[in-house]
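As a plain string of letters, each chain reads:
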Amino acid sequence: MGELFRRLRYLLFHRRFNRELEDEMEFHREMAARHGRRNFGNTLRLREQSREAWGWTWIDRLLQDLRYATRILWRSPGFSLTAVVVLTLGIGVCVLAFSMLNVIVFKLLPVRDPASLVRLQRRSPEIITPDTPYPSFLFYRDHTKTLSAMFAAMGAPAMELDSDLQPVSVNFVTANYFTELGANTAAGRVIDPLRDDAAETPPTAVLSYGLWQRRFHGNASIVGRVIHLNKKAVTVVGVIAKAFPSLHGQDPDVFLPIKQQPYFVEGSTALTDVFSGGGVRMWGRMGPGVTAKMAEQELLELTNELRKQYPKLIWDKEYIRSDPGGHQTVMQPEMYRAFAMIAALVLLIFIVACANLGGLMMARGITREHEIGIRIAIGASRKRIFRQLFTESLLLALIGAFSGLALTYTGLRILSALFPTPDWVSFAPDWRVLLFVVGIAVTAAILFGLAPALQIARQRQRGTIIRQILVGAQIAASCILLILSGLLVHAVLHLLHSDPGFGYEQVIGINPGLDSHGYTPEAARAYVNELKGRLLGLPGVTSVAMSKISLLGNGYTSYMTVDIGGHPVNIYPNWVDPEFFKTMEIPLVRGRNLLPRETHAVIVSESLARKQWPGLEPLGQKFGDQKDLVVGVAGNARIKALNDGDAVEAYWAAQPSDITSTTLLVKTAGAPDGLPPMIKSIVETLDPKLFPYVWLLKSGFRDYTQILENTVLAVSLLGMVAVLMAGVGILGLVAYAVSQRTKEIAIRIALGAKPLHVLSVVLRQFLWPVLIGAIVGAAGTAAVSQLLRKILYGISNLDPAGYAGGIGVLIAIAAAAALLPARRALRVDPVRALHEE
Amino acid sequence: MPLMPKSDMPPGALTLLILRVLQSGSLHGYAIAQRIHVLSSEVLAVEEGSLYPALQKMLLKGWVTAEWGISETNRKVRFYRLTVAGRKQLQAEISNYDRVTDAIQAILRTA
């Protein structure tokens, strides 16, 4: 410890130490001279040797190298700027990806003791559901020994706040939800187990910070005031702190105690009936020494207990999956492929950037040959030269990495403005991101700086073959990036401008939420018939249809796997009434419409029919294992998956049991914009306890296309990065080749060669590498796009325009980039060029 | 004046000699070199190139401390003094040196 302390003291006061040593040696020299001895060697060297004992000389050398590197980079601003831009983009993309991964997967949520938190999810080999029936939750909570506490949240349809037009999202939470998470408040108190854990307590609500600001302008006097949710009076007891994280994505606007759910959703049996629709998301706190696996084991035993009570409720091989819950997301196996894909693309950009810069560094090495030669001549060791050159690369990489970080930060701010991001998510770089930035800067410096530094320090230049391979590889990699981004943009643009296959502009959706209010199928049928009659009486309404799936609303998007001819096929199902096709303007191209409540009949979309029974008559074909027969073929309507090129929709006639969860679709002759308030009041007069969700389908469509437009923007940016990289890379390599052949060019011109001829000689060596690179790149893209097709829909298999366009753009860039150094070569003064040799 | 080539001083011996000459009191750098030179009947000459790196190393190890004083020629100069750790090191090095020379002697006598 003493030695380290002395070492550090030396580092701190090294100036004083050095001065003292100098004085001391000066004295020694004087004394020696007085005694007629003068064997005192090179003082500078001696001083350095003495200082080395402290082990800090590397810092001096590093600083020295850094100073020199800064001067060198400052003196060639064009090169430095290009390099920094390339690195900023190449590294920035990696940092961006890592920062997002960090926020989503690595960062701990700002809750109390996130390490002991587990999220619990009901699963079986076939089924995954976010929701567990509330009575099951109570059973687990009351019997668990591994978990010291369990808490839950239940989603609910959006509610009307006072008489606002914009509904608010609500969550019912167990009374210990906030206390278990250690939540802070911005005002008032949280829901707590002592006061709010009974049905008969006065109704209370806790507001989110966002709603408090937005709706109540951050006024603290809201605490204690009565507001109305779906016309039910409730007292606001507090506002949750801004940094409170939702454990499941979107933050709700209002939190309500779960025991009061029946008060707000009249007729609901969700708290008592295991078979009722809704359910809760569950979390637990592991007791001391308990692991997630142990909790999972115990919950499995409890699930088997539960099966004895409710044999029909528990699935085959059902278990409760227990994941560490202190993070926003746990990487699930199904996410790996998408993640690997993104990582590969990002790394590709990074490697292209490094390769390009490597080429540039090589090219620059030639122009610095003179300087390096002199330094070696006056006694600099090759090791020292190498270290100096590598320090330059490191400096560049660090500048690039930190400006990449700045770019990332800005980018994430823009992203969080474009896509709603919860308040508590902070993109500010933490130690993990900083470590990553430094790590990737060093990696980049090694990738692009090591080989050129070695070559230049050895004063040996690379062979033509290696250079040509480098050009080819660069073209290939840039090609993949360019064509891929072209394909992506094309796919998304195609989607944006394609006809979804159904009319949505004049349609209004209504979800009365019958199932959450305990409606029986009979009551629901009567209600829907009555409502339909009233709606048809409204001015301008031409038809009303029923559909189980909420089209373009905020309903779930789900697909279903059916068996067709022994093969599982993924389709988008819907359960509708005969008016559906007319209302949504979906043509019936073959066969007939569904009859009301008809069973064993299905209508499929055109492309599903073509895919499943190519060249055959689809009518009368078997569909699924329920003995269903195809009775009709409807036009393609990408209702469930606007981003799917293949519209695989299938429609069944809605059965009585589907009525409770039905949505009504109202088609108007003119613009539908004025109708929703009228519709809302009709629905509410029919049954005042219902609070319907009413929306214009066209605004749902707009929300959807907005996301697509943003995607186009992001992908285009990626494509631009690729173009820029390709340009810089080729520029560097051609410049390198030209500068190596300056003498030859000079002789040719001196001997009277035509400039065009010289140019073609210089550029011809790149012809084959560029062509081969382009072909390899195109093949690589075809392979990658096959993979991408599995993740993103709408990427066509073969898009000649995309490929030809990508390759064309790349070759144009290559030519343009080659022209610059080539022109310089032509302007070479033969006499000077030869003289310099 | 015949100068002893550096390689002829056994490795590690310089530290031992510096520690030894400092045992009797603090000395400045030049005096250390002089003392070794004189005491060895002018056989051993310590080069500056070895002396100052060695002294820095000993400072780092904490075997000696340095303080400023006034030299015989009335100049401000740094005096080196043995620390407790330095004395221990000296004892260790002496016994180690004795062991090695005894061993070498034994071989020289009997082989």
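Not measured: the values here are computed from a predicted model.

Rules behind the numbers
- Residues numbered from 1 in each chain as written.
- Chains lettered and ligands numbered in written order.
- Predicted model: local features only at pLDDT ≥ 70, side-chain atom pairs only at ≥ 80, totals over all residues.
- Heavy atoms only, no water.
- Helix = DSSP H or I, 4+ residues; strand = E, 2+ residues; numbered from the N terminus.
- Buried < 20%, exposed > 50% of the residue type's maximum accessible area, 1.4 Å probe, protein only.
- Contact = heavy atoms within 4.5 Å.
- Areas by Shrake-Rupley, 256 points an atom, 1.4 Å probe, with all protein chains shown as cover.
- Phe/Tyr/Trp six-rings, centres within 6.5 Å; stacked < 30°, edge-to-face > 60°.
- Lys NZ or Arg CZ within 6 Å of the ring centre and 35° of its normal.
- Core = buried A, V, L, I, M, F, W, Y, C linked by side-chain atoms within 4.5 Å.
- Pairing = 2+ DSSP bridges.
- UniProt positions renumbered as here; feature names shortened; annotations may be inferred.
- Salt bridge = Lys/Arg side-chain N within 4 Å of Asp/Glu carboxyl O.
- Buried area = accessible area lost by both parts, 1.4 Å probe.
- Polar contact = N/O pair within 3.5 Å; in protein donor to acceptor, adjacent residues only side chain to side chain.
- Nonpolar A, V, L, I, M, F, W, Y, C, P; charged D, E, K, R; others polar.

S.K.: What is the right way to read the overall build of chain A from this model?
M.R.: Each helix and strand in chain A was counted, giving 24 helices and 22 strands. The buried share of chain A, taken over its 837 residues, is 49%. Counting contacts in chain A only where the partners sit at least 6 residues apart, residues at least 24 apart contribute 80% of the total. Counting only carbon and sulfur atoms, one obtains 61% of the accessible surface of chain A, whose full area is about 39,500 Å².

S.K.: Help me understand the packing of aromatic side chains, please; the structure alone is not making it clear to me.
M.R.: Aromatic rings in a pair are described by how distant their centres are and how their planes are angled relative to each other. Evaluated as defined, the whole model comprises 27 aromatic pairs over all chains. Ring plane angle 70° and centroid distance 5.7 Å describe the contact between Tyr209(A) and Trp212(A), whose orientation is recorded as edge-to-face. Taken together, the positions of Tyr209(A) and Trp212(A), both in helix H8 (residues 209-216) and three residues apart, correspond to about one turn of that helix. Note on Tyr209(A): relative accessible area 22%, which makes it partly exposed. A residue is classified by how much of its surface remains accessible, and Trp212(A), at 7% relative accessible area, is buried. An aromatic cluster of at least three residues, connected via ring pairs, comprises Phe151(A), Tyr177(A), Phe178(A), Phe244(A), Phe255(A) and Trp283(A). Just above the ring of Trp315(A) sits the side chain of Arg122(A); from NZ or CZ to the centre is 3.9 Å. When the ring centre of Trp68(B) is taken as reference, the NZ or CZ atom of Lys76(B) above it lies at 5.0 Å.

S.K.: Please clarify how unusual backbone geometry should be interpreted in this entry.
M.R.: Glycine aside, residues mostly have negative phi angles, and peptide bonds mostly take the trans form. Residue and element names in this part refer to chain A. In this model, Asp 113 sits at a positive phi of 45°, which is unusual for a non-glycine residue. Since its relative accessible area comes to 41%, Asp 113 is described here as partly exposed. The phi angle at His 600 is positive, at roughly 60°, despite the residue not being glycine.

S.K.: Explain the nonpolar core here, please?
M.R.: Buried together is how nonpolar side chains tend to be arranged in soluble globular proteins. All names here are of chain A. The biggest cluster of nonpolar side chains holds 68 residues, and the ones touching the most others in it are Ile 91, Leu 396, Ala 444, Phe 448 and Met 725. Tallying contributions element by element places helix H5 (residues 77-106) first for this core, with eleven residues. Contact partners of Met 725, with chain neighbours within four places excluded, come to Val 86, Leu 89, Gly 90, Ile 349, Val 352, Ala 353 and Asn 356. Tyr 134, Phe 137, Leu 147 and Leu 271 belong to the second largest nonpolar core, which has 47 residues in total.

S.K.: Looking at this structure, I do not really get the pairing of strand E15 (residues 567-576) of chain A. What am I missing?
M.R.: Along a regular strand, successive side chains alternate from one face of the sheet to the other. Residue and element names in this part refer to chain A. Of the pairings in the sheet, the one linking strand E14 (residues 560-564) to E15 comprises five bridges and is antiparallel in character. Looking across to E15, one finds that Val 562 is bridged to Val 569. Pairing between E15 and strand E20 (residues 649-653): five bridges, direction parallel. Looking at E20, one finds that Tyr 572 is bridged to Glu 649.

S.K.: What is the right way to read helix H6 (residues 134-143) of chain A from this model?
M.R.: Note that an α-helix has 3.6 residues per turn; residues three or four places apart therefore point the same way. Listed as buried for H6(A) are Tyr134(A), Pro135(A), Ser136(A), Phe137(A), Phe139(A) and Tyr140(A). On its buried face, H6(A) sits against strand E3 (147-155), strand E10 (280-286), helix H10 (292-309) and strand E11 (319-324) of chain A.

S.K.: Where do I start with the pairing of strand E4 (residues 170-173) of chain A in this structure?
M.R.: Residue and element names in this part refer to chain A. Side-chain alternation along E4 places Val 170 and Phe 172 on one buried face and Asn 171 and Val 173 on a second face that is also buried. Here three bridges tie E3 to E4, and the two strands are oriented antiparallel to one another. Paired with Gly 155 across the two strands is Asn 171, which belongs to E4. Taken together, the four bridges between E4 and strand E9 (residues 254-257) define a ladder with parallel strand orientation. Bridging from a neighbouring strand, Asn 171 pairs with Phe 255 of E9.

S.K.: Explain the UniProt feature "transmembrane region" (unreviewed entry) in chain A to me, please; I cannot follow it from the model alone.
M.R.: Here, the residues flagged by UniProt with the feature "transmembrane region" (unreviewed entry) are residues 81-106, 338-358, 389-411, 431-457, 469-493, 712-738, 766-788 and 800-822 of chain A. A distance of 32 Å separates the end C-alpha atoms of residues 389-411 of chain A, which is 100% helix and 0% strand.

S.K.: What am I meant to see in the pattern of salt bridges here?
M.R.: Pairing is possible between side chains that carry opposite charge, provided their charged atoms lie close to one another. Overall, the coordinates contain 36 salt bridges over all chains when judged by the stated rule. In this structure, the salt-bridge partner of Lys61(B) is Glu3(A), at a minimum N-O distance of 3.6 Å. In this pair, Lys61(B) is assigned in helix H3 (residues 48-61) and Glu3(A) in helix H1 (residues 2-12), connecting two distinct chains. When its relative accessible area of 26% is taken as the criterion, Glu3(A) is described as partly exposed. With a shortest N-O distance of 2.9 Å, Arg189(A) and Asp196(A) are connected by a salt bridge. For Arg189(A), a relative accessible area of 19% corresponds to the buried category. Accessibility expressed as a relative area gives 2% for Asp196(A), which makes it buried.

S.K.: Help me understand the sheet that holds strand E3 (residues 76-82) of chain B in this model?
M.R.: Backbone hydrogen bonds hold the strands of a sheet together, and the pairing may be parallel or antiparallel. Residue and element names in this part refer to chain B. The strand order E1-E3-E2 describes an open sheet built from three strands, whose pairing is antiparallel. The sheet is open, and its two edges are formed by strand E1 (27-28) and strand E2 (64-70), each paired on a single side. The pairing of E2 with E3 spans seven bridges and is antiparallel. Opposite Val 64, over in E3, you have Leu 82 as the bridge partner.

S.K.: I keep staring at the interface of chain A and chain B and nothing clicks. Help me out?
M.R.: When the parts of a complex come together, some accessible area is lost, and that lost area is often used as the size of the interface. Taken together, the 24 residues of chain A in the interface contact 27 residues of chain B. Carbon and sulfur atoms supply 58% of the area that chain A and chain B bury against each other, a total of about 2,500 Å² over both sides. Linking chain A with chain B are four salt bridges. Our count for the chain A to chain B interface comes out at nine residue pairs in polar contact (both at pLDDT 80 or more). If you list the elements that add at least two residues to the side of chain A that touches chain B, you get H1, helix H2 (14-34) and helix H3 (43-52) of chain A. When grouped by side-chain class, the residues that make up the side of chain A that touches chain B number nine nonpolar, five polar and ten charged.

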